[in-house]
Amino acid sequence: MKLTDEQLAEFDELGYLFTPSCFSEAEIQVLRDEAEEIYKSDRKEVWREDTGAPRTAFAAHTYNEAFRLLGSHPRLIDPVSQLFGEQVYMHQYKINAKAPFDGAVWQWHQDYGTWARDDGMPEPRAMNIAVFLDEVMPINGPLMFIPKSHKGGTLDASHDTTTTSYPLWTLDNETVTELADAGGIIAPTGPAGSVMMFHGNLVHASPPNITPYPRKIVYLTLNAVSNHITQFKREDWIAHRDFTPIDPVSDDALLEYARSHSKAA
């Protein structure tokens, strides 16, 4: 999947691209089912809220076939390779849950702030691709972005190890207020299967989920191969150390897996 000139210009200006219904319901259903099984497992890669509800499952592409196929899917890999002008590798992979009634806040931050400070990533030539496994609504803890905030570079941040179950380099209220006053705040919503691609320096957050409706999102953090990390303070299943370029699978690979999974069931 190649981005058009208009999409490239939009990404450069706003710092994100949103594609509703990029994946079919059949493709998403098998991912949703297998995410639930992963959340039930007792693995070191599965982190939980204080209540025990699932928070994040790291590195699912290394131990689950459906998520391996998603992690090599051309609808996700090709646009990022196009933007960076080179092949990419998987820096991080996670399935984030906002469990019904239990999904906690993610504070305002830039992803590259963490990748640079904790992983020694040289430049913001990595980005997240978010794949909605559930419908994301205005009420169930949607991602919130400040458009154009990537243009300010990497901002000063403090290391928050208490507010969330996952350590983040977070921005102070004054900085967020200034950015929001200048660029506004958006919260993209859409059906399961929608895809959000956003710049590593785009400021974002998400509120708690106090509704009965789950909000699971898969994040692929794709990094230009030449921009690989240089320090290894975090576990290798959080910040990967395999810099092998991703070879995309066929476009129908995940759908074929979903069909075979359905027949097996």
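The shown structure was predicted, so the numbers you read here are calculated from the model rather than taken from an experiment. (Residues numbered from 1 in each chain as written. Predicted model: local features only at pLDDT ≥ 70, side-chain atom pairs only at ≥ 80, totals over all residues. Heavy atoms only, no water.)

**Considering the nonpolar core**
Then, number 1: Core analysis: the largest hydrophobic core is formed by 43 residues, its most contacted members being Phe67, Leu70 and Ile95.
Then, number 2: Of all elements in the fold, only helix H2 (25-40), helix H3 (65-71), helix H4 (74-84), strand E4 (88-98), strand E6 (126-132), strand E10 (195-199), strand E12 (215-224) and helix H7 (253-264) reach the threshold of two or more residues within this core.
Then, number 3: Considering each element in turn, this core owes the most residues, six residues, to H2.
Then, number 4: Core analysis: the next-biggest nonpolar cluster, separate from the first, contains 11 residues, Tyr16, Val136, Met196 and Phe198 among them. (Core = buried A, V, L, I, M, F, W, Y, C linked by side-chain atoms within 4.5 Å. Buried < 20%, exposed > 50% of the residue type's maximum accessible area, 1.4 Å probe, protein only. Helix = DSSP H or I, 4+ residues; strand = E, 2+ residues; numbered from the N terminus.)

**Quick word on the packing of aromatic side chains**
Then, number 1: In this structure the tally under the stated criterion is eight aromatic pairs.
Then, number 2: When the ring of Trp47 is compared with that of Phe58, the centres are 5.2 Å apart and the planes differ by 70°; the resulting orientation is edge-to-face. Here Phe58 lies in strand E3 (residues 54-58) and Trp47 lies in strand E2 (residues 46-48), a separation of 11 residues in the sequence.
Then, number 3: Residue class for Trp47 comes out partly exposed when judged on its relative accessible area of 24%.
Then, number 4: A network of ring pairs unites the aromatic residues Tyr16, Phe145 and Phe198 as a single cluster. (Phe/Tyr/Trp six-rings, centres within 6.5 Å; stacked < 30°, edge-to-face > 60°.)

**Topic: the confidence of the model for the protein**
Then, number 1: For the protein, per-residue confidence averages 93 on the pLDDT scale, and 97% of positions sit at 70 or higher.
Then, number 2: When pLDDT is averaged over each element of the protein, H3 comes out on top at 98 and strand E8 (residues 158-160) at the bottom at 75. (pLDDT = per-residue confidence, 0-100.)

**Quick notes on the pattern of salt bridges**
Then, number 1: Counted according to the given criterion, the structure contains 14 salt bridges.
Then, number 2: For Arg125, the salt bridge identified is with Glu86, shortest N-O distance 2.9 Å. Taken as a pair, Arg125 in the loop between helix H5 (111-119) and E6 and Glu86 in the loop between H4 and E4 lie far apart in primary sequence, 39 residues in all.
Then, number 3: Assessed through its relative accessible area of 22%, Glu86 is described here as partly exposed.
Then, number 4: Overlapping salt bridges bring together Glu25, Arg32, Glu36, Asp134 and Lys216 as one network. (Salt bridge = Lys/Arg side-chain N within 4 Å of Asp/Glu carboxyl O.)

**Some points on the pairing of E10**
Then, number 1: Counting buried positions along E10 gives five out of five residues, so the element sits mostly inside the fold.
Then, number 2: Burial along E10 is two-sided: Val195, Met197 and His199 and Met196 and Phe198, pointing in opposite directions, are all buried.
Then, number 3: Of the pairings in the sheet, the one linking strand E1 (residues 16-19) to E10 comprises four bridges and is antiparallel in character. Its bridge partner being in E10, Phe18 is matched across the sheet by Met196.
Then, number 4: Pairing of E6 with E10 involves five bridges; the strand directions are antiparallel. Residue pairing in the sheet places Ile129 in a bridge with Met197 of E10. (Pairing = 2+ DSSP bridges.)

**Thoughts on a negative patch on the surface**
Then, number 1: Taken together, Asp156, Asp172, Glu174, Glu178 and Asp181 make up a surface patch of like negative charges.
Then, number 2: Position of Glu178 relative to the elements: it lies in helix H6 (residues 173-183).
Then, number 3: By relative accessible area, Glu178 is classed as partly exposed at 49%. (Patch = residues over 30% accessible without salt bridge, like charges linked within 9 Å, V, L, I, M, F, W, Y side chains within 5 Å. Areas by Shrake-Rupley, 256 points an atom, 1.4 Å probe, with all protein chains shown as cover. Lys, Arg positive; Asp, Glu negative; His and termini not counted. Charge placed at Lys NZ, Arg CZ, Asp CG, Glu CD.)

**Overview of H5**
Then, number 1: Of all nine residues that make up H5, seven are buried, and the element is covered over most of its length.
Then, number 2: Of all the positions in H5, only Asp111, Tyr112, Gly113, Thr114, Trp115, Asp118 and Asp119 are classed as buried.
Then, number 3: A positive backbone phi angle near 65° is found at Gly120, which sits one or two residues after H5.

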